[in-house]
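Read off the chains here:
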Amino acid sequence: ALIRRHTRVEEESGRAELIGGAVIGRDAPLAAAVLESAGFALVLGLLSLLAAVAGGLTFAGSAWFGFIWFASGLVGTSVAALACQFAASARTCASIAAGILGAAYVLRAAGDASRSARWLSWLSPFGWNTQLRAWSHPRPWVGLLYVGLVAVLLTAAQGLRARRDLGSGLLAAKPGPAHASRSLSG
């Protein structure tokens, strides 16, 4: 929601064009929104760590648990940043991001529910949350999967942002029908 609010909604309102006419660089709104969302994810991760430690759990496991929340927040941030490049409407961007995150959740659920298809969990960052094994024999290398995915998604979002016009999306908006149906004509 933060990414969408500070990028796409600002473009729809015209404020991004006003800001872009000043000394601010073209990529500043996206970079600022990503930094704000990353800060929020960091606070969420730290609060998760502190809550787990306060609950009597080990610091090492709690730190990995906090990292999972932080990394998941970064993944959501980068998915939203990418989705905002595709459509000119904030509502459509939210739908695209929700669809991507929903598909990732379904992959994780399918992998967790099936003994023969456990590999599906590895295709989703939500599956990596359990694969990291925060509380028993952690796998630090799984954290690199988050870092890699976030780097790829943010690089793609930045590259696509540079190729589209302000206020437009990469997907062309489709006009509605020229005439209303008979049920709407009265």
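Here the structure is a predicted model, which is why all the values come from computation and not from measurement. (Residues numbered from 1 in each chain as written. Predicted model: local features only at pLDDT ≥ 70, side-chain atom pairs only at ≥ 80, totals over all residues. Heavy atoms only, no water.)

A. Fine view of the overall build of the chain. Scanning the chain from terminus to terminus reveals eight helices and zero strands. Mapped in sequence order, the helices and strands of the chain form the string α-α-α-α-α-α-α-α. Going through the 186 residues of the chain one by one, you find that 33% of them count as buried. Long-range contacts, defined as pairs at least 24 residues apart, comprise 62% of the intrachain contacts of the chain with a sequence gap of at least 6. Total accessible area on the chain is roughly 11000 Å²; 68% of this is exposed by carbon and sulfur atoms. (Helix = DSSP H or I, 4+ residues; strand = E, 2+ residues; numbered from the N terminus. Buried < 20%, exposed > 50% of the residue type's maximum accessible area, 1.4 Å probe, protein only. Contact = heavy atoms within 4.5 Å. Areas by Shrake-Rupley, 256 points an atom, 1.4 Å probe, with all protein chains shown as cover.)

B. Layout of the pattern of salt bridges. Evaluated as defined, the whole model comprises one salt bridge. Arg108 is paired through a salt bridge with Asp112; the nearest N and O atoms lie 2.5 Å apart. Here the residue Arg108 and the residue Asp112 both occupy positions in helix α6 (residues 90-113), the gap between them amounting to four residues, near one helical turn. What makes Asp112 partly exposed here is its relative accessible area of 35%. (Salt bridge = Lys/Arg side-chain N within 4 Å of Asp/Glu carboxyl O.)

C. Here's a closer look at the packing of helix α5 (residues 59-83) against α6. The N-to-C vectors of α5 and α6 enclose an angle of 135°; their axes lie 8 Å apart at closest approach. Accordingly, the angle class assigned to the pair α5 and α6 is oblique. In this structure, the crossing between α5 and α6 has a hand that is right-handed. On α6, the residues touching Val79, Ala80 and Ala83 of α5 are Cys93, Ile96, Ala97, Ile100 and Leu101. Class assignment for the residues of the contact of α5 with α6 results in eight nonpolar, no polar and no charged. (Axes fitted to C-alpha atoms, helices over the stretch in contact; angles between N-to-C directions. Parallel < 35°, antiparallel > 145°, perpendicular 65-115°, else oblique. Left-handed = near helix turned anticlockwise from the far one by under 90°. Nonpolar A, V, L, I, M, F, W, Y, C, P; charged D, E, K, R; others polar.)

D. Quick look at the nonpolar core. Residues Ile3, Ala81, Leu132 and Tyr146 are the most contacted members of the largest nonpolar core, which totals 26 residues. Secondary structure elements with two or more residues in this core: α4 (28-54), α5, α6 and α8 (141-163). Broken down by element, this core gets its largest block of residues, nine residues, from α5. Leaving out residues up to four positions away in the same chain, Tyr146 has contacts with Phe67, Ile68, Ala71, Ser72, Val75, Pro125, Trp128, Asn129 and Leu132. (Core = buried A, V, L, I, M, F, W, Y, C linked by side-chain atoms within 4.5 Å.)

E. Structural detail: α6. With 24 residues, α6 should cover 34 Å at 1.5 Å per step; its first-to-last C-alpha distance of 34 Å lies within 8% of that length. Taken residue by residue, α6 has Ala90, Cys93, Ala97, Ala104, Arg108 and Gly111 as its buried positions. (Expected span 1.5 Å × (residues − 1).)

F. Summary view of the confidence of the model for the chain. Across the chain, the average pLDDT comes to 86, with 88% of residues at 70 or higher. Confidence, expressed as mean pLDDT per element, reaches its minimum in the chain at helix α3 (residues 15-20) with 65 and its maximum at α5 with 95. (pLDDT = per-residue confidence, 0-100.)

G. Examining the environment of His137 more closely. Inspection of the secondary structure puts His137 in the loop between α7 (125-131) and α8. Considering only alpha carbons, one finds His137 and Gly61, 76 residues apart in sequence, at a separation of 9.2 Å.

H. Spatial organisation of the packing of aromatic side chains. Tallying each qualifying case throughout the model produces seven aromatic pairs. Their ring planes at 75° and their centres at 6.3 Å tell us that Phe65 and Trp69 sit as a pair that is edge-to-face. Here Trp69 and Phe65 lie together in helix α5, a separation of four residues that amounts to about one turn. Given a relative accessible area of 39%, Trp69 falls into the partly exposed group. Aromatic side chains Trp122 and Trp141 sit 5.6 Å apart centroid to centroid with 5° between the ring planes, which places their arrangement in the stacked category. Separated by 19 residues along the polypeptide, Trp122 in the loop between α6 and α7 and Trp141 in helix α8 bring together distant segments of the chain. With relative accessibility at 30%, the residue Trp122 sits in the partly exposed group. Every member of this aromatic cluster is reached through a ring pair, and the members are Trp64, Phe67, Trp128 and Tyr146. (Phe/Tyr/Trp six-rings, centres within 6.5 Å; stacked < 30°, edge-to-face > 60°.)

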